[in-house]
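Given next are the chains, with one letter for each unit.
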Amino acid sequence: TLFQSPEDGWQLYTSAQAPDGKCVCTAVIPVQNSCSRDGRSRELRQLMEKVQNVSQSMEVLELRTFRDLQYVRNTESLMRSLDSRLRAADGARSLSVKSFQELKDRMTELLPLSSVLEQYKADTRTIVRLREEVRNLSASLAAIQEEMGAFDYEELQQRVLVLEARLHACAQKLGCGKLTGVSNPITIRAMGSRFGSWMTDTMAPSADSRVWYMDGYYKGRRVLEFRTLGDFVKGQNFIQHLLPQPWAGTGHVVYNGSLFYNKYQSNVVVKYHFRSRSVLVQRSLPGAGYNNTFPYSWGGFSDMDLMVDESGLWAVYTTNQNAGNIVVSRLDPHTLEVMRSWDTGYPKRSAGEAFMICGVLYVTNSHLAGAKVYFAYFTNTSSYEYTDVPFHNQYSHISMLDYNPRERALYTWNNGHQVLYNVTLFHVISTAGGP
């Protein structure tokens, strides 16, 4: 583990899935108030060790017995031959020198048989000892089984259900954490031009896997909606939305059934509702730069980057008043009004891309090969730190990088490729109860 012997609470690392598709959760138990083993637990552990020792001894005996039996079988024919020769010699009452030497050679071949028989005697004593150990183990296990038998199947099943409910509640509390790792890239599809964006709805239920696709970084109005991720991969089963106003950049996001995007040649944020195919609201961000005034290092009219995390809708941009440093604003998703803003002090033109996780802005140092998550700004404490979280920029030109809290994954448009990264978050849960 990365953090040895935590003192302040349970430390957990969670990520969406491992390469085999299973969820991953690694826990580091605190030194204080760690789980203690009662007498029954120690007894069970000792029993398991004894069972393992008996099992290993039995395996050794089995292998040795198999080897010795093979030797006995091979010498059986030799013993028959010796017996017949001796009977013939006894009947004739004479034995030539040559025949005597042959019998002597055969007897030499049988000499190891005595050591094999001695080993059998030792093994017999071992088997008696093992039989006694097995008898004791059986008695101990029977006592434990009788104790556990006090719980019938229904009660055990109810306990399992309660544990599952507690685990689910714990998982809900583990929604937020600090970014500690980014997985290898998963290329979903290669489609479109060098720049663009693609996304799923961060607020949709898990059964809703629709994908939205927007090619290009300026003047675009065509949004493709695919029914499922599988349909997106195959390029089938989609409908087209034609936006009433064109977009700028690639910092769009789908949130609760609506597309939020930056209107072309303006600092206006537009909320377009897919079902009604209409603009519900639009509002300018006061003082926000636009039209390549304060883009990311790759350009592309990326002055305004809209994103969603566990706590809601955000806008990342900058203003002349902030001297080109990144501003993070929390937006009301219904009115698009700015609820609160933070000046991160990080120059936006030096940033490759950025994304929000759990109220923390993470900034990459480049959009090219060798990029890593280099800077983190914490809105809850209005503080920052420099980080070093590498990730494999497989196609060497990222023009869109957004976090989806529903799937705990980063969506990326990388040089005409649509790519996913799973993320690992670090949590500390207080031993006093609750994260």
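Everything numeric in this text was worked out from a predicted model, so none of it was measured.

Asks: Whenever I open this one, the overall build of the protein confuses me. Can you help?
Replies: A count of helical and extended segments in the protein gives five helices and 23 strands. For the protein, the proportion of its 435 residues judged to be buried stands at 41%. Within the protein, residue pairs in contact and separated by at least 24 positions form 54% of the contacts whose partners lie at least 6 positions apart. Accessible surface, the protein as shown: approximately 23800 Å² in total, 53% of it carbon and sulfur.

Asks: Can you walk me through the sheet that holds strand E16 (residues 338–347) in this structure?
Replies: Within a sheet, neighbouring strands are paired by backbone hydrogen bonds and run either parallel or antiparallel to one another. Read from one edge to the other, the open sheet built from four strands follows the order E13-E14-E15-E16, with strand pairing classed as antiparallel. In this open sheet, the two strands that pair with only one neighbour each are strand E13 (305–309) and E16. In this sheet, adjacent strand axes meet at a mean angle of 25° when their direction is disregarded. Strand direction decides the pairing type here: strand E14 (residues 312–317) and strand E15 (residues 325–331), joined by five bridges, are antiparallel. The residue of E15 that forms the bridge with Ala315 is Ser329.

Asks: When you look at the pattern of salt bridges in this model, what are you seeing that I'm missing?
Replies: Pairing is possible between side chains that carry opposite charge, provided their charged atoms lie close to one another. Under the counting rule described, the total for this entry stands at six salt bridges. Ionic pairing is found between Glu385 and Lys178, a salt bridge with its closest N-O pair at 2.9 Å. Remark: Lys178 occurs in strand E3 (residues 178–182) and Glu385 occurs in strand E20 (residues 383–390); sequence separation between them is 207 residues. By relative accessible area, Glu385 is classed as partly exposed at 26%. The salt bridge partner of Asp231 is Arg227, with a shortest N-O separation of 3.0 Å. By sharing partners, the salt bridges in this structure join Asp208, Arg210 and Glu225 into a single network.

Asks: Sorry, what's going on with the nonpolar core here?
Replies: Core analysis: the biggest nonpolar cluster contains 21 residues, and Leu179, Phe355, Ile357, Tyr362 and Leu410 have the highest contact counts within it. Elements represented by at least two residues in this core include exactly E3, strand E17 (354–357), strand E18 (360–364), strand E19 (372–378), strand E21 (398–404) and strand E23 (417–430). With four residues, the single largest contributor to this core is E23. Residue contacts for Ile357: discarding those within four places in its chain leaves Gly177, Leu179, Asp309, Glu310, Tyr362, Tyr403 and Leu425. By size, the runner-up hydrophobic cluster in this structure holds 17 residues, among which are Ile326, Ala354, Phe375 and Tyr377.

Asks: Hey, could you run me through the sheet that holds strand E6 (residues 211–215) in this one?
Replies: Here four strands make up an open sheet; going across it, the order is E5-E6-E7-E8 and the pairing antiparallel. Edge positions in the open sheet fall to strand E5 (196–199) and strand E8 (238–242), since each of these has one partner strand only. Taken over all neighbouring pairs, the strand axes of this sheet differ in orientation by 20° on average, direction set aside. The sheet contact formed by E5 and E6 spans four bridges and is antiparallel. Pairing of Ser197 across the sheet is with Met214, part of E6.

Asks: Explanation requested: the confidence of the model for the protein in the structure shown.
Replies: Of all residues in the protein, 64% have pLDDT values of 70 or greater, and the mean over the chain is 81. A low-confidence stretch, residues 1–6 (pLDDT under 50), is modelled with 12 contacts involving residues beyond four sequence positions or located in other chains. When the criterion is pLDDT under 50, residues 431–435 qualifies, and its contacts beyond four places in sequence or with other chains add up to 11 contacts.

Asks: Where do I start with the side chain of Thr364 in this structure?
Replies: Mapped onto the elements of the fold, Thr364 is located in strand E18. Judged by its relative accessible area of 1%, Thr364 falls in the buried class. For Thr364, the side chain forms a polar contact with the main-chain oxygen of Ser366, separated by 3.2 Å. When neighbours within four sequence positions are excluded, Thr364 is seen to be in contact with Tyr346, Ser350, Ala351, Gly352, Glu353, Lys372, Val373, Tyr374, Phe391 and Leu401.

Asks: Is there a simple way to explain the side chain of Ser399 in this structure?
Replies: Here Ser399 lies in strand E21. When neighbours within four sequence positions are excluded, Ser399 is seen to be in contact with Arg194, Phe195, Gly196, Thr250, Trp298, Glu353 and Trp413.

Asks: So what exactly am I meant to see when it comes to the packing of aromatic side chains here?
Replies: For any pair of aromatic rings, geometry is given as the distance between the ring centres together with the angle between the planes. Scanning all chains against the criterion turns up 25 aromatic pairs. Of the aromatic side chains, those joined through ring pairs into one cluster are Trp198, Tyr213, Phe226, Phe232, Phe238, Tyr411 and Trp413. Here the guanidinium or amino end of Arg189 rests over the ring plane of Phe232, the centre of that ring lying 5.7 Å away.

Reading guide: rules and limits
- Residues numbered from 1 in each chain as written.
- Predicted model: local features only at pLDDT ≥ 70, side-chain atom pairs only at ≥ 80, totals over all residues.
- Heavy atoms only, no water.
- Helix = DSSP H or I, 4+ residues; strand = E, 2+ residues; numbered from the N terminus.
- Buried < 20%, exposed > 50% of the residue type's maximum accessible area, 1.4 Å probe, protein only.
- Contact = heavy atoms within 4.5 Å.
- Areas by Shrake-Rupley, 256 points an atom, 1.4 Å probe, with all protein chains shown as cover.
- Pairing = 2+ DSSP bridges.
- Axes fitted to C-alpha atoms, helices over the stretch in contact; angles between N-to-C directions.
- Salt bridge = Lys/Arg side-chain N within 4 Å of Asp/Glu carboxyl O.
- Core = buried A, V, L, I, M, F, W, Y, C linked by side-chain atoms within 4.5 Å.
- pLDDT = per-residue confidence, 0-100.
- Polar contact = N/O pair within 3.5 Å; in protein donor to acceptor, adjacent residues only side chain to side chain.
- Phe/Tyr/Trp six-rings, centres within 6.5 Å; stacked < 30°, edge-to-face > 60°.
- Lys NZ or Arg CZ within 6 Å of the ring centre and 35° of its normal.

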